[in-house]
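# Understanding the architecture of this molecule
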Amino acid sequence: MFETLSLSSLQDYWWIIISLLASILVFLMFVQGGQTLIYTLGKTEMERKILINSLGRKWEFTFTTLVTFGGAFFASFPLFYSTSFGGAYWVWMAILFCFIIQAVSYEYRSKPGNFLGHRTYEIFLLINGIAGTFLIGAAVSTFFTGSEFSVNKINITHLINPVISRWEGPAHGLEAVLNLQNVALGLAVFTLSRVLGILYFMNTVNNANILLQSKKHLLINAIPFLIFFLFYVVVLLLSSGFATDPVTGIVIMEKYKYLHNFIQMPFVLILFLIGVILVLLGISVPLIKAGKYGSKGIWFTGIGTILTVFSLFLIAGFNNTAYYPSTFDLQSSLTIRNSSSSHYTLTAMSYVSLLVPFVIAYIWYAWRSINNKKIDAQEMETEGHTY
């Protein structure tokens, strides 16, 4: 089946897979956002225990999706992996460190003999929630703003130093946080993760005080998110983008490139607008409705987040666009055409990708099974295993 597809069709297929994984990852970062709210929403030790255990049931989904996203990107577009992960290693190491201390925190926070104490691991969770979301947002923004690297494939023949990609900036990725546009998306992802975290708590926690605090802080976090996101989208649509000639592969700067991508790919524009509407609807429902309807906001905003991020990734790579542009050398910019694996590799991987729907179905089943009853203080007192 897949072997009959052309290389370009397989490249398009895998960019869609990568975009979908990225969008699901951003949604699942409600765990990170929730971790930054433990002391904001939890006023007592029991309330904080409820919040941490509510997140502890889901943190592995985020971690697994992040690893899957990285692995899929490496296998399908290896030149991006070697360029970004091999050059911008400080920013990726910082992100990796944030997720390592998260895993350690959930594993050891409530273990007997924990000499560091609960508070230390809760600080680790806070670091993961703040730095992890912000840095991922800033790193993804470089898909539109560009990075300082050069690519020379002829270097593969160099006997002493066969390095194709070279990072030209001294900060090795951390310079992304010096770009206002990157910072805006980083802050948008951070505040969005907090909004999603609040909506998740409203859906899974049975505690009157936590729910009261959640409703209070939902609007407080939604307003800055909307400001940062709107600023980012406006700047993106009005800025020049990195266009590629479909015949020669030459990269040029095109005014309003990403706006043109939306216009020339109306289906993607529709997905984006539906996503934004769903995000706003999910935020509005808990503020207007109470009871079980108010607890459904996570699903509207979650699906909206997936559609919105998915659309942004599509305009970053499709319609003859360089998805990882180089500000040092335009012609070193990476596209889905010049950075992918071979036809054979993409074909073999495509058969493996047929398992994705089954994995998603399992995650959905596990989610429903874990959340069949809202978590409360009584469960924390009787449950044998707690985080």
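Here the structure is a predicted model, which means the values were calculated and not measured.

The rules we used
- Numbering of residues begins from 1 in every chain and follows the order in which that chain's sequence is written.
- Only residues with pLDDT of at least 70 are given local features in this predicted model, and only at 80 or more are side-chain atom pairs given and counted; all residues enter the totals for whole chains, interfaces and linings.
- Only hydrogens and water are set aside when side-chain values are computed; all heavy atoms of the structure are taken into account.
- Centres within 6.5 Å make a pair out of two Phe, Tyr or Trp rings, where for Trp the six-membered ring is used; the pair is then stacked when the planes are under 30 degrees apart, edge-to-face when over 60, and tilted otherwise.
- To qualify as a helix, a DSSP run of H or I must reach at least 4 residues; to qualify as a strand, a run of E must reach at least 2; elements of each kind are numbered from the N terminus.
- When a residue's accessible area, from a 1.4 Å probe over protein chains only, is under 20% of the maximum for its type it is buried; when over 50% it is exposed; and in between it is partly exposed.
- Strands were regarded as paired on the criterion that DSSP finds at least two bridges between them.
- Along the chain, pLDDT gives the predictor's confidence residue by residue, from 0 to 100.
- We define the nonpolar core as a collection of buried residues of types Ala, Val, Leu, Ile, Met, Phe, Trp, Tyr and Cys that are connected through side-chain atoms lying within 4.5 Å of one another.
- Working rule for contacts: check all heavy atoms of both residues, and any pair within 4.5 Å makes them a contact.
- Every axis corresponds to a line fitted to the C-alpha atoms, with the helix fit spanning only the stretch in contact, and the corresponding angles, defined between N-to-C directions, vary from 0 to 180 degrees.
- Working rule for handedness: look at the near helix, and if it is turned counterclockwise from the far one by less than a right angle, call the crossing left-handed; if clockwise, right-handed.

Attention now moves to the packing of aromatic side chains. Summed over all chains, the structure comprises 35 aromatic pairs. Note on Y121 and F124: the rings are 5.8 Å apart at their centroids and 80° apart in plane angle, and the pair reads as edge-to-face. Here Y121 pairs with F124, and both are found in helix α8 (residues 117-145), just three residues apart, close to one helical turn. What makes Y121 buried here is its relative accessible area of 7%. Between F144 and Y258, the aromatic rings sit 5.1 Å apart at their centres with planes inclined by 80°, giving edge-to-face as the arrangement. On the criterion of sequence distance, the pair formed by F144 in helix α8 and Y258 in helix α11 (residues 257-264) is long-range, its members being 114 residues apart. Its relative accessible area of 6% is what places F144 among the buried residues. A residue is classified by how much of its surface remains accessible, and Y258, at 0% relative accessible area, is buried.

Of the pairings in the sheet, the one linking strand β3 (residues 241-244) to strand β4 (residues 251-254) comprises four bridges and is antiparallel in character. Within β4, the residue paired with F242 across the bridge is M253.

The predicted model of the protein has a mean per-residue pLDDT of 88, with 95% of residues at 70 or higher. Summarising per-element confidence for the protein, the mean pLDDT is lowest in helix α13 (residues 291-294) (61) and highest in α11 (97).

Quick look at the nonpolar core now. With 98 residues, the main nonpolar core has W15, F73, F77, F143, F144, I315 and Y323 as its most contacted residues. Ranked by residues supplied to this core, first place goes to helix α9 (residues 180-204) with 12 residues. Leave out the neighbours within four places in its chain, and F144 touches Y232, L236, F242, Y258, L312, I315, A316 and P325.

Residues of β3 alternate between two faces, with G241 and A243 on one and F242 and T244 on the opposite face, all of them buried. Between β3 and β4, which follow one another and run antiparallel, lie six residues, and G249 among them has a positive phi close to 80°.

Attention now goes to the packing of α8 against helix α14 (residues 297-317). At a minimum axis distance of 9 Å, the contact between α8 and α14 shows a crossing angle of 35°. Regarding α8 and α14, the two cross each other, and that crossing is left-handed. Every residue of α14 that contacts α8 at V140, F143 and F144 is listed here: L312, F313, I315 and A316.

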